[in-house]
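Single-letter residue listing:
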Amino acid sequence: NPAVAVDRRYEASPNYYLEWAVDQMRKLCDTFPKSYNERVVVVRTAIDMNVQHAAEDAIENQLRQFGRDYHATQAATVVSDLDGGVRAMVGGRDYGASQFNRAVDAYRQRGSSFNPYVYPTACLNGLNPTSIVVDGPVCIGNWCLQNYGHSYSGPLMLTQAIPRSINVISVNLSIALGGK
């Protein structure tokens, strides 16, 4: 079937997702032998437009509701399934105003992505919201973990550590739980 072009000017098109998918295909095609350059490649994405629209709406609603309080003008999200299929991607508030895809290109510590797994596991293993956890230096072998701001907060209640996404505390909890 012939490809159907998506008008990138249409504000409801998943521009951040499409740009990312095209970039991924370019990288993949660059690995093919040169004899494949004349071949037709059929691309199927895992996008779910209902999830995509819900993600876009959630980003906009959160920025409207909390953006001023947190001095945030942008947000990003990626929704993937258990098999790694990317169902939705929002790289910012408005693709027309900024094509920079914060979901895949923004600098951030990757460790924060594990926090939603570590904290519930800690609670399932005896910690509670008022449990005291320590944000302090942690070294594993030659690698010493640092928080984003390169500082430590000392003892905190779990309810204080969670919203601050303190990676050192997550690592300490992971070590204490023995990788459960």
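Residues numbered from 1 in each chain as written. Predicted model: local features only at pLDDT ≥ 70, side-chain atom pairs only at ≥ 80, totals over all residues. Heavy atoms only, no water.

### Thoughts on the overall build of the protein chain
Heads up, the condition is: Here a helix means four or more residues in a row that DSSP labels H or I, a strand means two or more in a row labelled E, and each is numbered from the N terminus. Atoms counted for the radius of gyration: C-alpha only. Globule rule: 2.2 Å times the number of residues to the power 0.38. When a residue's accessible area, from a 1.4 Å probe over protein chains only, is under 20% of the maximum for its type it is buried; when over 50% it is exposed; and in between it is partly exposed. Contact between two residues is taken to exist if any of their heavy atoms lie within 4.5 Å; hydrogens are not considered. Using the Shrake-Rupley algorithm and a 1.4 Å probe, accessible areas are obtained, with residue cover drawn only from the displayed protein chains.
From N to C terminus, the protein chain includes six helices and six strands. Ordered by position in the sequence, the α and β elements of the protein chain form the string α-α-β-β-α-α-β-β-β-β-α-α. Computed over its C-alpha atoms, the radius of gyration of the protein chain comes to 21 Å, more than 25% above the 16 Å expected for a compact globule of 180 residues. Oriented by its inertia axes, the alpha-carbon framework of the protein chain measures out at about 60 × 40 × 30 Å. Relative to its full complement of 180 residues, the protein chain shows a buried share of 28%. Counted over contacts in the protein chain with a minimum sequence separation of 6, partners at least 24 positions apart contribute 59%. Surface exposure of the protein chain reaches about 12800 Å², of which carbon and sulfur atoms provide 55%.

### Some points on the packing of aromatic side chains
Note the cut-off: Centres within 6.5 Å are what make two rings of Phe, Tyr or Trp a pair, Trp counting through its six-membered ring; a difference in plane orientation under 30 degrees is then read as stacked, over 60 as edge-to-face, and the rest as tilted.
Counted under the stated rule, the structure contains two aromatic pairs. Ring centres 5.0 Å apart and planes at 80° place the aromatic pair Y16 and Y95 in the edge-to-face group. One end of the pair, Y16, is in helix 1 (residues 15-30); the other, Y95, is in the loop between strand 2 (86-90) and helix 3 (102-105), with 79 residues separating them in the sequence. The exposure classification of Y16 matches that of Y95, with both residues buried. Aromatic side chains Y17 and W20 sit 5.7 Å apart centroid to centroid with 70° between the ring planes, which places their arrangement in the edge-to-face category.

### Some points on the side chain of N115
Keep this limit in mind: Two N or O atoms count as a polar contact when they lie within 3.5 Å, although within protein this holds only if one can serve as hydrogen donor and the other as acceptor, and sequence-adjacent residues are included solely when both atoms are side-chain atoms.
Counting through the fold element by element, N115 comes out in helix 4 (residues 115-124). For N115, a relative accessible area of 6% puts it in the buried group. Polar contacts involving the side chain of N115 include one to the side chain of S170, which spans 2.2 Å. In contact with N115, other than residues within four places in its own chain, are P120, S165, I166, N167 and S170.

### Remarks on the pattern of salt bridges
Cut-off, in case you're wondering: The rule for a salt bridge is simple: a side-chain nitrogen of Lys or Arg has to be within 4 Å of a carboxyl oxygen of Asp or Glu.
Here the structure, examined in full by the defined rule, presents four salt bridges. E60 is the partner of R64 in a salt bridge, and the nearest nitrogen-oxygen pair spans 2.9 Å. You can see R64 and its partner E60 sitting in helix 2 (residues 49-66), four residues apart, about one turn around the helix. Between R87 and D81 there is a salt bridge whose closest N-O contact spans 2.8 Å. For R87, a relative accessible area of 32% gives the class partly exposed. Residue class for D81 comes out partly exposed when judged on its relative accessible area of 23%.

### Focus: the nonpolar core
Generally speaking, soluble globular proteins have nonpolar side chains that are buried together. To be explicit about the condition: Buried residues of nine kinds, namely Ala, Val, Leu, Ile, Met, Phe, Trp, Tyr and Cys, make up a nonpolar core once their side-chain atoms join them within 4.5 Å.
Counting residues in each nonpolar core, the largest one holds 15 residues, and the members touching the most others are Y119, V133, I169 and L173. Put simply, the parts of the chain that give this core at least two residues each are helix 4, helix 5 (158-164) and helix 6 (167-177). Tallying contributions element by element places helix 6 first for this core, with five residues. Those residues in contact with V133 that sit more than four places away from it in its chain are L127, G154, P155, L156, M157, L158, A161, I169 and L173.

### As for helix 1
For clarity, the threshold we go by: A helix is expected to span 1.5 Å for every residue after the first.
The terminal C-alpha atoms of helix 1, which comprises 16 residues, lie 22 Å apart, in line with the 22 Å expected from a rise of 1.5 Å per residue. Along helix 1, the residues classified as buried are N15, Y16, Y17, A21 and M25. Packing partners of the buried residues in helix 1 comprise helix 2, strand 2 and helix 3.

### Thoughts on the state of the cysteines
What counts is decided by this rule: Criterion for a disulfide: a pair of cysteine sulfur atoms within 2.5 Å.
Under the definition given, this model contains one disulfide. At a sulfur-sulfur separation of 2.0 Å, the disulfide partner of C139 is C144. Where C139 bonds to C144 through sulfur, the torsion about that S-S bond is close to 100°, and the disulfide is right-handed.

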